[in-house]
Amino acid sequence: MLDSTEQLSLAHPIEAAERRLELLGPVWKAPSLREVLRQLPFMREQPEQVVDFFVRYGHLMMLKNGETLPDNRDLYVVQSGIIKVSYQPDLGEAQEYFLGAGGVYNLYGALTGEHLPGATDAVAQGNALGKGPVLFCVSAKGLRQLSAAAAAGDATFQQLELDMNRLAGLFLLERLKPQLDIEVSQALARMAPLYHSIDPQRQSFDKTAALNSNPTVGSSHRHGKRVNRQQRAAWVRHHMALLKQNLKCQLAKAELLVLPRGCSVAQESHVLLLQGTIQVKMTDEHIMADQRAAETARWVTNAGRHQHQSILPWLWDILSDDDVTRMPVGVPSHPVPVVITAGPEGATLLTCPPAAGELAAAAAVVTPSKGESMLLPTASTPASGVTARLGPMALSGAAPGGGGGGGGGAESKTGAAPDTLARSSGG
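Since the structure is predicted, the reported quantities are computational estimates derived from the model, not experimental observations.

Caption draft 1: Inspection of the sheet that holds strand 1 (residues 58-62) at higher detail. Reading across from one edge, 1-7-2-5 is the order of the 4 strands in this open sheet, with antiparallel pairing throughout. With one partner strand each, in any of the chains shown, strand 1 and strand 5 (104-105) form the two edges of the open sheet. Both strand 2 (residues 75-80) and strand 5 contribute to a ladder of 2 bridges, which runs antiparallel. Looking at strand 5, one finds that Val77 is bridged to Val104.

Okay, here's the thing in structure tokens:
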């Protein structure tokens, strides 16, 4: 047993330690606006002038519990609190997710003026005290100033604009997954092999030798036992998973390509249509002359008209040498030449680097009215009227200064891939 004097002598140092902790101990502090902006995927490597730019053209707004975010061309960043985003895709079931501090909302709409596919609602969520979230809103005027600075040749804002569009492309890819699953599955089903390889242990094959025997369509030679329906379905699922993984990886290194009206590019990799309209056309006369091959090639190349948002996957990037040699008769066994032409309002594309990893150093350009061709210079020697750091696509259609009133050639904007672009949710 302790008497009162001993109890006080033991309690005194404990109480003193508690008081010190209350006065000097760790205290949680909400991150500042600049700290939140610095954590955005497209802001991590940017200089301080970019943060200053956002602060200059933005303002803070507090929402009430249950209040809906406005539908406009402003960009929203959550500084504190939570936003619940619900959307009903055109295909599939309704989904919802939550944005906390650092979450980005309406990035795609702010950059393009278009809505992501499906119906979307963003609603403020109150905390335990009923207090709503605080958002930082970057005005549409500020984003126009950003684009103007990038178009004027400011390298910092060109990189910023590119990184923002890469992240918007990832949001678009997520929304278009149901449509992508349906369309690509049908294309892959036409490419799935009918026969097993003769040597299942073989890890490589001389693709060039295989294609020399028939450079247009798949080989009719049987390579072994026939593949059953379940095995072909498994092949399709496996390659669909490969495609999605490849798309995400390649989008982080994509280039932004702005096509004026009537300007064309030759596709050589995955392409995302962010804005505008395009016409996709095959140019191989041998395939077009074969009705069966042409029908399959249309599925494989996404030939036709595309409007507003679309994904044009380059399926040859995910095919192995063995896949190519075992393709059914009538399936193109080499990349089909494809030309993408911008519609009346032009088009904005994200073009992924080709699988080979080597970007084109120059591209052929043809003036539509005269049919004259010329060779665009490399990025180190841009032509007058062209902002050209040429990427994975061969340009044709509008010569510099032409393009049917498009204001001069296609504009390609390249840059280093950011650390990561997939860690911020929203759209």
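What follows continues from the structure just given.
Caption draft 2: Spatial organisation of the packing of helix 6 (residues 155-175) against helix 7 (residues 177-191). Where helix 6 meets helix 7, the closest approach of the two axes is 5 Å, and the angle between their N-to-C directions is 65 degrees. On helix 7, the residues touching Leu173, Glu174 and Arg175 of helix 6 are Lys177, Pro178 and Leu180. Taken together, the residues that form the contact of helix 6 with helix 7 break down as 3 nonpolar, no polar and 3 charged.

Caption draft 3: Highlighting helix 6. With 21 residues, helix 6 should reach 30 Å at 1.5 Å per residue; the first-to-last C-alpha distance of 30 Å fits that figure. Most of helix 6 is tucked away, with 18 of its 21 residues classed as buried.

Caption draft 4: Focus on the environment of Arg305. Note on placement: Arg305 falls in strand 11 (residues 304-307). In this structure Arg305 comes out as exposed when scored by relative accessible area, which is 55%. Sequence separation between Arg305 and Thr341 is 36 residues, and the spatial gap between their C-alpha atoms is 9.6 Å. Discounting residues that sit within four places of it in the chain, Arg305 has contacts with Thr277, Ile278 and Gln279. Engagement of the side chain of Arg305 in a polar contact is seen with the side chain of Gln307, the distance being 3.1 Å.

Caption draft 5: Molecular detail of the side chain of Gln267. On the secondary structure map, Gln267 appears in the loop between strand 9 (264-266) and strand 10 (271-282). There is a polar contact of 3.1 Å between the side chain of Gln267 and the backbone oxygen of Leu312.

Caption draft 6: Structural detail: the packing of helix 3 (residues 48-56) against helix 6. Running from N to C, helix 3 and helix 6 point in directions that differ by 70 degrees, and their axes come no closer than 11 Å. Considering their axes alone, helix 3 and helix 6 lie roughly perpendicular with respect to each other. The handedness of the crossing between helix 3 and helix 6 comes out as right-handed. Of helix 6, the residues touching helix 3 (which contributes Gln49, Val50, Phe53 and Phe54) are Thr156, Phe157, Leu160 and Met164. Looking at the contact of helix 3 with helix 6 residue by residue, the class counts come to 6 nonpolar, 2 polar and no charged.

Caption draft 7: Examining the pattern of salt bridges more closely. Within this structure, the stated rule accounts for 8 salt bridges. In this structure, Asp181 and Lys244 form a salt bridge, with 2.8 Å as the shortest nitrogen-oxygen distance. Linking Asp181 in helix 7 with Lys244 in helix 9 (residues 229-251), this pair joins segments that are 63 residues apart in sequence. A residue is classified by how much of its surface remains accessible, and Asp181, at 26% relative accessible area, is partly exposed. Measuring nitrogen to oxygen at the nearest pair gives 3.6 Å for the salt bridge that ties Arg298 to Glu295. Here Arg298 and its partner Glu295 are both found in helix 11 (residues 291-301), 3 residues apart, which amounts to about one turn of the helix. Residues joined in a network through salt bridges with shared partners are Arg34, Arg38, Glu48 and Asp52.

Caption draft 8: Up close: the environment of Arg175. Following the sequence through the fold, Arg175 ends up in helix 6. Along the chain, Arg175 and Leu91 lie 84 residues apart, while their C-alpha atoms are 9.6 Å from each other. The residues touching Arg175, leaving out its near neighbours within four places in the chain, are Tyr87, Tyr97, Leu116, Pro117 and Thr120. A polar contact is formed between the side chain of Arg175 and the backbone oxygen of Pro117, at a distance of 3.1 Å.

Caption draft 9: Structural view of the packing of aromatic side chains. Here the structure, examined in full by the defined rule, presents 5 aromatic pairs. Ring centres of Phe53 and Phe157 lie 5.1 Å apart, and the angle between their planes is 65 degrees; this geometry places the pair in the edge-to-face category. Of the two residues, Phe53 sits in helix 3 while Phe157 sits in helix 6, which places them 104 residues apart along the sequence. The pair formed by Phe53 and Phe157 is uniform in burial state, with each residue classed as buried. Plain terms: the ring middles of Tyr87 and Tyr97 are 6.4 Å apart, the flat faces sit at 65 degrees to each other, and that makes the pair edge-to-face. Remark: Tyr97 occurs in strand 4 (residues 95-99) and Tyr87 occurs in strand 3 (residues 82-88); sequence separation between them is 10 residues. In textbook terms, an aromatic cluster arises when at least three aromatic residues are bridged by ring pairs, as seen for Phe53, Phe54, Tyr57 and Phe157.

Caption draft 10: Quick look at the sheet that holds strand 4. Spatially, 4-3-6 is the arrangement adopted by the 3 strands of the open sheet, whose pairing is antiparallel. Each edge of the open sheet carries a strand with a single partner, namely strand 4 and strand 6 (119-125). Each adjacent strand pair in this sheet contributes to an overall mean axis angle of 20 degrees, direction not counted. In terms of strand pairing, strand 3 meets strand 4 through 5 bridges, oriented antiparallel. In the strand pairing of strand 4, Ile83 is matched with Leu99.

Thresholds, definitions, all that
- Residues numbered from 1 in each chain as written.
- Predicted model: local features only at pLDDT ≥ 70, side-chain atom pairs only at ≥ 80, totals over all residues.
- Heavy atoms only, no water.
- Pairing = 2+ DSSP bridges.
- Helix = DSSP H or I, 4+ residues; strand = E, 2+ residues; numbered from the N terminus.
- Axes fitted to C-alpha atoms, helices over the stretch in contact; angles between N-to-C directions.
- Contact = heavy atoms within 4.5 Å.
- Nonpolar A, V, L, I, M, F, W, Y, C, P; charged D, E, K, R; others polar.
- Expected span 1.5 Å × (residues − 1).
- Buried < 20%, exposed > 50% of the residue type's maximum accessible area, 1.4 Å probe, protein only.
- Polar contact = N/O pair within 3.5 Å; in protein donor to acceptor, adjacent residues only side chain to side chain.
- Parallel < 35°, antiparallel > 145°, perpendicular 65-115°, else oblique.
- Left-handed = near helix turned anticlockwise from the far one by under 90°.
- Salt bridge = Lys/Arg side-chain N within 4 Å of Asp/Glu carboxyl O.
- Phe/Tyr/Trp six-rings, centres within 6.5 Å; stacked < 30°, edge-to-face > 60°.

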